[in-house]
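Descriptive structure summary
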Amino acid sequence: MASRSIDTHAAFFKPYLRPGINLLDCGCGPGTIALGLAKAIAPGTLTGIDREASQIRIAAESAFTQGVSNANFLEGNIYALPFCDNSFDAIFSHALFEHLQEPAQALRELWRVLKPGGIVGLRSPDWGGFLIAPSTPELEKAFSYYKWLQQQNSGNPYVGRELRALVRESGFINIKASASYQCYEPLSEATEYLALLIEASAKVDGTVKKGWTDERSLTAMSRALGEWSQHPDGFFAQAWCEVVGWKG
Ligand SMILES: C[S@@+](CC[C@H](N)C(=O)[O-])C[C@H]1O[C@@H](n2cnc3c(N)ncnc32)[C@H](O)[C@@H]1O
């Protein structure tokens with residue numbers, strides 16, 4: 001997440017930003033994209049919310065270090081945003097909807113805090129479109145396990161393809177969908193994160209205790225990711241789905 005920026009991850013949304021607007025970034029994480037958004041809309045205000053206090057701290061510190069004075073970061077949940085109706089000209093959310101159990105409910109809340117005529121922009125991966133090479137059974141197992149883990153946590157690894165329908169069914173109009181691929185160079189940018197999540201799942205998700213897997217399998221998947229990241233021909237391209245829509 002630390003290497004993400006407005007240009008690499010929010011290019012689909014950038015053309016709709018104007019100086020002076022009020023913009024909300026939901027699930028802003030460490031704020032690397034949010035700070036780029038803030039610069040694009042200055043002197044307007046960027047508000048970043050995330051339910052994790054640690055992410056909010058990192059984002060606020062980065063804003064301070066980079067001298068970005070038009071960005072505020074606060075703890076908040078997308079299902080119950082701490083804002084009045086019709087507060088924002090635009091709302092952005094990146095890599096959050098795949099983690100949500102109730103995406104339609106989240107969109108109702110975005111609709112509430114968005115001004116009439118305002119724009120919403122969402123971007124999420126779709127694990128059905130990932131390209132990996134060279135593949136091995138252990139590597140396939142690691143990817144399947146990660147997808148399964150996201151589903152166990154009430155997320156949806158295939159939400160990318162559903163974003164258009166979700167936004168339309170929530171009442172937004174003039175919807176435009178697009179998609180793009182991110183190629184991880186070096187591969188370790190992705191594999192280290194995946195290996196960490198897989199190894200931590202024993203503790204965080206209790207997967208070993210619940211008998212869903214065992215430590216040996218977790219180590220084997222993590223090792224496969226590590227070996228793949230060193231492979232001279234290792235290739236990993238991630239599919240991202242994007243959608244914009246307006247509150248009429
Ligand atoms: C994969 S990160 C994406 C961070 C950032 N948008 C990016 O793309 O770099 C997803 C973020 O959403 C946050 N999150 C998850 N569920 C949330 C919720 N219900 N409300 C607000 N934030 C949430 C997580 O804490 C995490 O920081």
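Scroll up a little and you will see the structure.
Residues numbered from 1 in each chain as written. Predicted model: local features only at pLDDT ≥ 70, side-chain atom pairs only at ≥ 80, totals over all residues.

A closer look at the overall build of the protein chain
Assigned secondary structure in the protein chain consists of eight helices and eight strands. Expected size for 248 residues packed as a compact globule is a radius of gyration near 18 Å; at 19 Å, the protein chain falls within 12% of this value. Here the C-alpha coordinates of the protein chain stretch approximately 50 × 40 × 35 Å along the principal axes. By sequence separation, contacts in the protein chain at least 24 residues apart represent 78% of the contacts at least 6 residues apart. (Helix = DSSP H or I, 4+ residues; strand = E, 2+ residues; numbered from the N terminus. Rg over C-alpha atoms; globule rule 2.2 N^0.38 Å. Contact = placed C-beta atoms within 7 Å.)

Observations regarding the site of the ligand
Not every one of the 18 residues close to the ligand is listed here, only the nearest: Gly27, Gly29, Glu52, Ile78 and Ala95. Here the shell around the ligand is composed, by residue class, of seven nonpolar, seven polar and four charged. (Near = placed C-beta within 6 Å. Nonpolar A, V, L, I, M, F, W, Y, C, P; charged D, E, K, R; others polar.)

A closer look at helix 8 (residues 215–230)
With 16 residues, helix 8 extends 23 Å between its outermost C-alpha atoms, agreeing within 8% with the 22 Å of an ideal straight helix rising 1.5 Å per residue. Listing the buried residues of helix 8 in full gives Leu218, Met221, Ser222, Ala224, Leu225 and Trp228. Projection of helix 8 onto a plane perpendicular to its axis shows the buried side chains occupying an angular sector of 150°, all on one side. Exposed and oriented more than 90 degrees from the buried face of helix 8 are Glu215, Arg216 and Gln230. Close packing links the buried residues of helix 8 with helix 5 (137–152) and helix 7 (188–204). (Expected span 1.5 Å × (residues − 1). Buried ≥ 20, exposed ≤ 12 C-beta atoms within 10 Å, placed from the backbone. Arc of directions from axis to C-beta.)

Let's talk about the packing of helix 7 against helix 8
Two numbers describe how helix 7 lies on helix 8: the axes approach to 9 Å, and their chain directions differ by 175°. When the axes of helix 7 and helix 8 are compared, the pair comes out roughly antiparallel. Residues Ser188, Thr191, Leu194, Ala195, Ile198, Glu199, Ser201 and Ala202 of helix 7 lie in contact with helix 8, whose contacting residues are Glu215, Leu218, Met221, Ser222, Leu225, Gly226, Trp228 and Ser229. Residue composition of the contact of helix 7 with helix 8, by class: eight nonpolar, six polar and two charged. (Axes fitted to C-alpha atoms, helices over the stretch in contact; angles between N-to-C directions. Parallel < 35°, antiparallel > 145°, perpendicular 65-115°, else oblique.)

Let's talk about unusual backbone geometry
Here the residue pair Ala133 and Pro134 is connected by a cis peptide bond, since its omega of -15° sits within 30 degrees of zero. With respect to the secondary-structure elements, Pro134 resides in the loop between strand 6 (131–133) and helix 5. Of the consecutive residues Glu185 and Pro186, the connecting peptide bond is found in the cis state with omega at 0°. Among the secondary structure elements, Pro186 is positioned in the loop between strand 7 (173–183) and helix 7. Backbone geometry at Asn86 places phi at a positive 55°, although glycine is not the residue there. Its location among the elements puts Asn86 in the loop between strand 3 (71–75) and strand 4 (88–94). Look at Ser154: it is not a glycine, yet its phi comes out positive at around 65°. In this fold, Ser154 is placed in the loop between helix 5 and helix 6 (163–169). Taking the C-beta count within 10 Å as the criterion, Ser154 has 10 such neighbours and is therefore assigned exposed.

What to know about the packing of helix 5 against helix 7
Between helix 5 and helix 7, the least distance of the axes is 10 Å, while the angle of their chain directions is 65°. Here helix 5 and helix 7 pass one another in a crossing that is left-handed. For the pair formed by helix 5 and helix 7, the contact residues are Ala142, Tyr145, Tyr146 and Leu149 on the first element and Leu194, Leu197, Ile198 and Ser201 on the second. (Left-handed = near helix turned anticlockwise from the far one by under 90°.)

So, helix 2 (residues 32–41)
For helix 2, the buried fraction is high: eight of the 10 residues fall into the buried class. Of all the positions in helix 2, only Thr32, Ile33, Ala34, Leu35, Gly36, Leu37, Ala38 and Ile41 are classed as buried. Buried positions along helix 2 lie against helix 1 (6–9), strand 1 (23–26), strand 2 (46–50), helix 3 (53–65), strand 3 and strand 4.

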